[in-house]
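# Examining the three-dimensional arrangement
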Amino acid sequence: MIFDALIAPFFEFEFMRRALAAIIALSLGGAPIGVFLMLRRMSLVGDAMAHAILPGAAIGFLLSGLNLFAMATGGLVAGFAVALLAGLVARSTGLKEDASLAAFYLTSLALGVAIVSIKGTNIDLLHVLFGNILAMDDQTLLLVAFNATLTLLALAVIYRPLVIESVDPLFLRTVSRAGAPAHFAFLALVVINLVSGFQALGTLLAVGLMILPAGIARFWSRDITPMICIAVSSAIVSGYAGLVWSFQTKVPSGPAIILVAALLYAASVLFGRHSGLVRQLFPGRHLEA
């Protein structure tokens, strides 16, 4: 019975194996990015950038239909453009960067939905907004795997300045000039992973597999390396459980994955080792580890 419910779908159906492979790749690439977004107090920036890629992907859809290369290229161009424009407006005017990003991402979301609606149907719009990980093909899976590999390699290169800037940005500026290049490289990785997530989970849910696992990890560790490991594990578990839930019921796969991650987050809020509500109500002995 347990085998039939939890394991058999992945043995019997190739689309389930593809979806699970995509979830693992998205978790390996996106969860570490989510940890650094959270540590740098940029979690809402990730959400804004997820909406920013929509008009580019929509233009790719308008020109080529549900073509992977066109939509991914359009999403990358739109994401980078919004990031640069929001930064330019924030530095050239008195407007704060968060307000600038909010203005651009709301405009991008409305523009993207309007563009998709010009050519597509309601089904196409739902596909763009919420994705369909169960329809993953070889080409899309290879793109997601490539982006995850690129992300891990790039993080290995910029890991030290990212960690130092997350803890003490002033110290990094006094001892090194690597902060600015690392920051821009990090923003590029955010966009790349959002494009990967967009292919599987859609614009509205892509950021969920980044931020929720990072929030989970925050309640169980204060060290960055364990946080990354916990975040990746949480994302993979959420993806696996969400796929099984979706297969056994009529719940769409993307929302199911994010809802499982949300349940894990709620459990961490209650029982987390660091700042969990139960831990605060019933603290351990003084000086207990």
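Above this text is the structure in question.
What comes next is a walk through the structure.

## Concerning the overall build of the protein chain
What the protein chain contains, in helices and strands, is 15 helices and zero strands. Per-residue burial over the protein chain gives 47% buried out of 289 residues. Total accessible area computed for the protein chain in this model is approximately 14600 Å², and 70% of it derives from carbon and sulfur atoms.

## Some thoughts on the packing of aromatic side chains
A full pass over the atoms with the stated rule returns six aromatic pairs. Seen in terms of ring centroids, phenylalanine 13 and phenylalanine 247 are 5.4 Å apart; in terms of plane orientation they differ by 50°. Their pairing is tilted. One end of the pair, phenylalanine 13, is in the loop between helix H2 (8-12) and helix H3 (14-39); the other, phenylalanine 247, is in helix H13 (residues 224-248), with 234 residues separating them in the sequence. Here phenylalanine 36 and phenylalanine 186 contribute two aromatic rings whose centre-to-centre distance is 6.3 Å and whose plane-to-plane angle is 75°, an arrangement assigned as edge-to-face. Residue phenylalanine 36 is located in helix H3, and its partner phenylalanine 186 is located in helix H11 (residues 179-201); the two are separated by 150 residues in the primary sequence. Linked through ring pairs, Phe13, Phe15 and Phe247 together constitute an aromatic cluster. For the cation-ring pair, arginine 40 lies above phenylalanine 186, with the distance from its terminal atom to the ring centre recorded as 5.0 Å.

## Section: the packing of H3 against H13
Running from N to C, H3 and H13 cross one another at 145°; their axes reach a closest spacing of 8 Å. Note that H3 runs across H13; the crossing there is right-handed. The residue inventory of the contact of H3 with H13, partitioned by class, reads 23 nonpolar, two polar and no charged.

## Structural notes on a nonpolar patch on the surface
Residues Trp220, Leu270, Phe271, Leu277, Val278, Leu281 and Phe282 make up a contiguous nonpolar surface patch of roughly 720 Å² in combined accessible area. Looking at the nonpolar patch, the elements with two or more residues in it are helix H14 (253-271) and helix H15 (277-281). Among the elements that take part in the nonpolar patch, H15 stands out by supplying three residues, more than any other. Here phenylalanine 282 shows up in the segment after H15. For phenylalanine 282, a relative accessible area of 63% gives the class exposed.

## Considerations on unusual backbone geometry
Look at serine 275: it is not a glycine, yet its phi comes out positive at around 70°. For serine 275, the position within the fold is in the loop between H14 and H15.

## Focus: the environment of isoleucine 7
Among the secondary structure elements, isoleucine 7 is positioned in the loop between helix H1 (2-6) and H2. Residues isoleucine 7 and valine 244, 237 residues apart in the sequence, show an inter-C-alpha distance of 8.6 Å. Setting aside residues up to four positions removed in sequence, isoleucine 7 forms contacts with Ile2 and Tyr240.

## Examining the nonpolar core
Formed by 70 residues in total, the largest nonpolar core has its most connected members in Ile33, Phe36, Ile133, Phe186, Leu194 and Leu243. Aside from chain neighbours lying at most four places away, what touches phenylalanine 36 is Leu155, Tyr159, Leu162, Val163, Ser166, Phe186, Ile224 and Ile228.

## Quick look at the side chain of serine 234
In this fold, serine 234 is placed in helix H13. Accessibility expressed as a relative area gives 8% for serine 234, which makes it buried. Setting aside anything within four residues of it in sequence, one finds serine 234 in contact with Pro213, Ile216 and Leu264.

## Notes on the pattern of salt bridges
Tallying each qualifying case throughout the model produces three salt bridges. Ionic pairing is found between aspartate 138 and arginine 18, a salt bridge with its closest N-O pair at 2.2 Å. With aspartate 138 in helix H9 (residues 138-167) and arginine 18 in helix H3, this pair connects stretches of sequence that are 120 residues apart. The class of arginine 18 is buried, set by a relative accessible area of 18%. For glutamate 165, the salt bridge goes to arginine 40, with nearest N and O atoms at 2.9 Å. Pair noted here: glutamate 165 is in helix H9 and arginine 40 is in the loop between H3 and helix H4 (43-52), with a separation of 125 residues, a long-range link. Of the two residues examined, glutamate 165 and arginine 40, each falls in the buried class. Through salt bridges that share partners, Glu14, Arg18 and Asp138 make up one connected network.

## Here we look at H3
An ideal rise of 1.5 Å per residue puts 38 Å on 26 residues; H3 measures up with 37 Å between its terminal C-alpha atoms. At serine 27, H3 shows its largest bend, some 30°. Taken from the residues just after H3, arginine 41 is the one with a positive phi, measuring 55°.

Cut-offs applied
- Residues numbered from 1 in each chain as written.
- Predicted model: local features only at pLDDT ≥ 70, side-chain atom pairs only at ≥ 80, totals over all residues.
- Heavy atoms only, no water.
- Helix = DSSP H or I, 4+ residues; strand = E, 2+ residues; numbered from the N terminus.
- Buried < 20%, exposed > 50% of the residue type's maximum accessible area, 1.4 Å probe, protein only.
- Areas by Shrake-Rupley, 256 points an atom, 1.4 Å probe, with all protein chains shown as cover.
- Phe/Tyr/Trp six-rings, centres within 6.5 Å; stacked < 30°, edge-to-face > 60°.
- Lys NZ or Arg CZ within 6 Å of the ring centre and 35° of its normal.
- Axes fitted to C-alpha atoms, helices over the stretch in contact; angles between N-to-C directions.
- Left-handed = near helix turned anticlockwise from the far one by under 90°.
- Nonpolar A, V, L, I, M, F, W, Y, C, P; charged D, E, K, R; others polar.
- Patch = residues over 30% accessible without salt bridge, like charges linked within 9 Å, V, L, I, M, F, W, Y side chains within 5 Å.
- Salt bridge = Lys/Arg side-chain N within 4 Å of Asp/Glu carboxyl O.
- Contact = heavy atoms within 4.5 Å.
- Core = buried A, V, L, I, M, F, W, Y, C linked by side-chain atoms within 4.5 Å.
- Expected span 1.5 Å × (residues − 1).
- Bend = angle between axes of the 7 residues up to and from the residue.

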